[in-house]
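As a plain string of letters, each chain reads:
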Amino acid sequence: MQTLWFIIVALMLVAYVVLDGFDLGAGIIYLVVGRTDEERRTILRAVGPVWDGNEVWLLAAGGTLYFAFPLLYASSFSGFYLPLMMVLWLLMLRAIGIEFRSHLDSPVWRGFFDVIFSVSSILLAIFFGAALGNVVRGVPLNNDGYFFEPLWTNWRIGPQPGILDWFTVMTGVLALATLTMHGALYVAHKTLGDVNDRARKISLVTWPVVLALTFISLMLTMRVHLDVVDNFRRWPFGLVIPVVVFASLAGVLYFASEYREKPAFLCSCIYIAGMLGGAAFGIYPDVLPAAMNQTNSLTIYNTAAARHGLAVGLVWWCIGIVIALAYFTFVYRMFKGKVVLEEGVGH
Amino acid sequence: MDSALFIHRLHFAFTVTYHYLFPQLTMGLAPLIVALKTLALWKNDDRYNRAARFWAKIFGINFVLGVVTGIPMEFQFGTNWSHFSQWAGGVIGQTLAMEGMFAFFLESTFLGLFLYGEKRLGQKLHWFSGFMVFAGSWMSGFFIVATDAWMQHPTGYLRMTDGSVQLRSFWELVLNPWAWWQYAHNMSGAVITGSFVMAALGAFYLLSRRHQEQAPIYVRTGVIAGVIFSILQLFPTGDGQGRMLARYQPATLAGMEALFRTQPGAPLVIIGQPDTEKQQIDNPLLVPKMLSFLTYKRWNAEVKGLDAFPKHDQPENVPLLYYSYHVMVGLGTIFIAVMVLSIVLLWRQKLFDARWALWILMLSFPFPYIANIAGWMTAEVGRQPWLVYGLLRTSDGYSKMVSAGNGLFTLLGFMGMYTALSFLFLFLIHREIERGPEPAFEVRLKPPAYEPELAEVR
């Protein structure tokens, strides 16, 4: 039962990163790809109808995490207090940037919110990557399963790690590069003309960076967190994951150079899902490994809610997810195809 | 008071109070917009469609602010109240997760369709998306109120050996009688805010002789909804909520009334300042025996005063509790008076010419906001010193790992951020009000001499 909820929460987080990832990515390349107001509105129109729904995956995943693993939620949210609060502020700024930009037709107003939107997207990508890095690296958990990390200490992995050290900075940069590529592929897929062209070029330029960082981070992760290899040894079918990761990355390059934008974007989705899935596979059954004393690690067993609650939750969760998927299918169908600026209100 | 505890309480109190300025309006406006949209389809009258479109814009701005300030609320359970979250997550994780799965997905999907998709969807589907936004926001309200109601009156839980709680009965959690009274009272309060705001803006347009065709619709809709829900707010919802309190939180009730001593035939205090040192009310204006009657429906029933409870189980801040409760009830009474007066004038077809009455309607819109916030303060301050009534004390629930200094840092950050948001919000709302509803179709056919910049954008 705990394993099932671990998979559910992991899947919801993957859905969040894949979906909100492309609108974050669109924000990252926004100022570079969109040069005129019309081009910027085209990019916003591409993410406008869906970004809010994408972000709901974060809230829904957070709620589900709280429900299924209360101690993990309590411990990680209070331990990552400062970066989470900053993530909140960035999410707020970003939402304001997208939604209020088009209310006024003034270059000053629009320019201001353009920068807000893009900078908050960039910082969010780095923060999320660093967060994942922290989870993989482990945090200084005490006997009660709690910890507190300052933003940084000495930038080293040791007994007193900060949120940022060389490892988490690297995962942050990896996330930034990945989402840049991901967002660029999405924008290319949804647009025509100059915007499409620039976005596609960006995706091709970032591709080698992503490949290099993926490789380096895999190597380093095995050094930082020795146990990750254990699960792959115990269940060899897990080795499919790295194969999928590199195959999908190759797919991105192939389809993007062939101007086949949709398959390229889908490959990028698979790549992200593979990376996150691999991380989850590697740390299972831990959910938050302890940096020093392994016995303090939070696992799915010592953090989960009681069995009855989890069983009840399964009923409404299944109903809820079917409805949510129906909404998403509906909205994405409704707004499918290339964005063409038309008359009317909106972004 | 331990300063970290104080900072964490202030952190939540500040962010939730600010947050609730927006959902109370969106939850209140949503049914009114659906009503306008329904009238438009039913009577095939474009005036109502334009009214719905205009209010959807006001709704949209408020909704964005509501979402943006709402995200920190879910996070703060973990960041600032981690021990409470760990302790109670097995129970209230249910309602909070269900809010995400059922309400947030629904709202985020249909809001965009409702705000921007009228042309693409056609009228009937557009009505449907409006209705779904209404349903989503009210569902979201339910899950949050059910969570709070569980903290006020825990049901359906099981005590574990480590002291924490886990779910025993899902239905007892969701069908908690406290939750349903509180929900009804809260939603009715939200509609009061929505209707006062709608009536006030209509009155403003009438008084300034603008949008003379649309303004009466706003005033009429606002007044009709306002009178219904102002009365529902008192009876049965307020009354039912009061009976819950008398039954399950007698110490809170004593604090709300600042009833220091247990007595039969307890009076109801209308005005007066509680003096906790001397255990009395200064310059009181009392209705004899009324409190006994309201609480137990018997004039001479004995009502427990604060002296009936040990000091450490009494509400900590009796004056604040007393004031927030009395502000809420006092304003609620005034709302009924204003709305009954307005509906009588409306009935006799004099309201739109009675400038004095329009002035009252226009100026009264801030007060439902105050009353709603005061009501929530009554509930939350009244529950103290408990975080979960009778089970977990507030002083045991906050994040012990987050120091006062770190808490103050983010509190100040939120204060700065929300100040900026307030300016942005007021500016955008002011702009929508100045622009007003779009003119009627015949007017629109004239050459667009007005707003040249608008033609440029499109």
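Details of the structure are given in the entry above.
Below or above, wherever it landed, is the structure these notes cover.

The rules behind these values
Residues numbered from 1 in each chain as written. Chains lettered and ligands numbered in written order. Predicted model: local features only at pLDDT ≥ 70, side-chain atom pairs only at ≥ 80, totals over all residues. Heavy atoms only, no water. Helix = DSSP H or I, 4+ residues; strand = E, 2+ residues; numbered from the N terminus. Rg over C-alpha atoms; globule rule 2.2 N^0.38 Å. Buried < 20%, exposed > 50% of the residue type's maximum accessible area, 1.4 Å probe, protein only. Contact = heavy atoms within 4.5 Å. Areas by Shrake-Rupley, 256 points an atom, 1.4 Å probe, with all protein chains shown as cover. Lys, Arg positive; Asp, Glu negative; His and termini not counted. Charge placed at Lys NZ, Arg CZ, Asp CG, Glu CD. 1 Å grid on protein atoms, 1.4 Å probe; cavity = no way out; pocket = protein on both sides within 12 Å on 5 of 7 lines; lining within 4 Å. Points joined across faces, edges and corners; volume = space filled by probe spheres on them. Nonpolar A, V, L, I, M, F, W, Y, C, P; charged D, E, K, R; others polar. Axes fitted to C-alpha atoms, helices over the stretch in contact; angles between N-to-C directions. Parallel < 35°, antiparallel > 145°, perpendicular 65-115°, else oblique. Left-handed = near helix turned anticlockwise from the far one by under 90°. Buried area = accessible area lost by both parts, 1.4 Å probe. Salt bridge = Lys/Arg side-chain N within 4 Å of Asp/Glu carboxyl O. Polar contact = N/O pair within 3.5 Å; in protein donor to acceptor, adjacent residues only side chain to side chain. Expected span 1.5 Å × (residues − 1). Bend = angle between axes of the 7 residues up to and from the residue. Core = buried A, V, L, I, M, F, W, Y, C linked by side-chain atoms within 4.5 Å. Phe/Tyr/Trp six-rings, centres within 6.5 Å; stacked < 30°, edge-to-face > 60°. Lys NZ or Arg CZ within 6 Å of the ring centre and 35° of its normal.

Below, the discussion takes up the overall build of chain A. If you tally the helices and strands in chain A, you get 13 helices and two strands. For 347 residues, the compact-globule formula gives about 20 Å, and the C-alpha radius of gyration of chain A, at 20 Å, lands near that figure. In terms of overall dimensions, chain A has C-alpha extents of about 60 × 40 × 40 Å along its principal axes. In chain A, which comprises 347 residues, the share counted as buried stands at 59%. Contacts spanning at least 24 positions in sequence make up 78% of the contacts within chain A whose residues lie at least 6 apart. Put simply, chain A shows about 13,500 Å² of open surface, and 71% of that area lies on carbon and sulfur atoms. Separation of charge centres in chain A, based on 22 positive and 22 negative side chains, amounts to 5 Å.

Applying the stated criterion to the full structure yields two cavities of 30 Å³ or more. In terms of lining residues, the largest cavity is bounded by A:Pro49, A:Val50, A:Gly53, A:Tyr327, A:Phe328, A:Val331, A:Tyr332, B:Ser108 and B:Thr109. Residue assignment for the lining of the largest cavity shows that the elements contributing at least two residues are helix H13 (307-334) of chain A together with helix H4 (82-116) of chain B. Taken together, the residues of the lining of the largest cavity break down into six nonpolar, three polar and no charged. Empty space within the second largest cavity amounts to approximately 30 Å³.

Residue and element names in this part refer to chain A. Where helix H1 (residues 2-33) contacts H13, the two axes come as close as 11 Å, and the packing angle between them is 25°. On the basis of their axis angle, the class for H1 and H13 is roughly parallel. Here H1 and H13 pass one another in a crossing that is left-handed. Every residue of H13 that contacts H1 at Gln 2, Leu 4, Trp 5, Ile 8, Met 12, Leu 19 and Phe 22 is listed here: Arg 307, Leu 310, Gly 313, Leu 314, Trp 317, Phe 328 and Tyr 332. Residue composition of the contact of H1 with H13, grouped by class: eleven nonpolar, two polar and one charged.

Interface size is often expressed as the accessible area that is lost when the parts come together. Each partner contributes to the interface: chain B provides 67 residues, whereas chain A provides 69 residues. The largest contributions to the chain B side of the interface with chain A come from B:Phe75, B:Met101 and B:Phe105, which together make up 12% of the buried area. Applying the counting criterion to the chain B and chain A interface returns zero salt bridges. Counting every contact that joins chain B to chain A gives 13 residue pairs in polar contact (both at pLDDT 80 or more). Contributions of two or more residues to the side of chain B that touches chain A are made by helix H3 (46-79), H4, helix H5 (118-121), strand S2 (165-167), helix H15 (404-435) and helix H17 (452-457) of chain B. The leading source of residues in the side of chain B that touches chain A is H4(B), at 24 residues. Residues that form the side of chain B that touches chain A fall into these classes: 36 nonpolar, 23 polar and eight charged.

All right, on to helix H8 (residues 193-224) of chain A then. Look at H8(A): 45 Å from first C-alpha to last across 32 residues, which is about the 46 Å you get at 1.5 Å a residue. Maximum bend of H8(A): about 30°, positioned at A:Thr206, with proline A:Pro208 one to four residues after it.

Below, the discussion takes up the environment of A:Tyr332. Residues and elements named next belong to chain A. Its place among the elements puts Tyr 332 in helix H13. In this structure the C-alpha to C-alpha distance between Tyr 332 and Tyr 73, which are 259 residues apart in sequence, comes to 31 Å. Not counting chain neighbours up to four residues away, the residues in contact with Tyr 332 comprise Leu 19, Phe 22, Val 50 and Asn 54. Here Asn 54 takes part through its side chain, which lies 2.9 Å from a polar atom of the side chain of Tyr 332.

Tallying each qualifying case throughout the model produces 29 salt bridges over all chains. Across the pair A:Arg94 and A:Asp23 runs a salt bridge whose closest N-O atoms are separated by 2.7 Å. Remark: A:Asp23 occurs in helix H1 and A:Arg94 occurs in helix H5 (residues 81-101); sequence separation between them is 71 residues. Taking the shortest distance from any N to any O, the salt bridge between B:Lys57 and B:Glu432 comes out at 3.8 Å. With B:Lys57 in helix H3 and B:Glu432 in helix H15, this residue pair connects regions lying 375 residues apart in the sequence. With a relative accessible area of 3%, B:Glu432 lands in the buried category.

This part covers unusual backbone geometry. Peptide bonds are trans in most cases, and residues, glycine excluded, mostly fall at negative phi. Here A:Tyr284 and A:Pro285 are connected by a cis peptide whose omega angle stands at 0°. Following B:Gln384, the chain continues to B:Pro385 via a peptide bond in cis, the omega torsion being 5°. Tracing the chain through its elements places B:Pro385 in the loop between helix H14 (366-383) and strand S7 (386-388). The backbone of B:Gln279 sits at a positive phi, close to 55°, despite the residue not being glycine. Among the structural elements, B:Gln279 can be located in the loop between strand S4 (268-275) and strand S5 (280-287).

A few words on the nonpolar core. Core analysis: the largest hydrophobic core is formed by 245 residues, its most contacted members being A:Phe69, A:Trp316, B:Trp55, B:Phe84 and B:Trp150. In contact with A:Trp316, other than residues within four places in its own chain, are A:Phe67, B:Gln94, B:Ala97, B:Met98, B:Met101, B:Phe102 and B:Phe170.

Bringing the packing of aromatic side chains into the picture now. This structure, assessed with the given rule, holds 62 aromatic pairs over all chains. Both rings, one in B:Trp138 and one in B:Tyr183, keep their centres 6.5 Å apart while their planes meet at 85°; by these two values the pair is edge-to-face. Placement of the pair is B:Trp138 in helix H6 (residues 123-152) and B:Tyr183 in helix H8 (residues 177-207), with a sequence separation of 45 residues. You'll find B:Trp138 and B:Tyr183 in the same group, each marked buried. Ring geometry for B:Phe204 against B:Tyr205: centres 5.9 Å apart, planes inclined by 40°, an arrangement best described as tilted. We classify B:Tyr205 as buried; its relative accessible area is 0%. Taken together, the ring pairs connect A:Trp89, B:Phe14, B:Tyr18, B:Phe22, B:Phe409, B:Phe414, B:Tyr418 and B:Phe425 into an aromatic cluster. Against the face of A:Tyr30 rests A:Arg40, its NZ or CZ located 5.7 Å from the ring centre.

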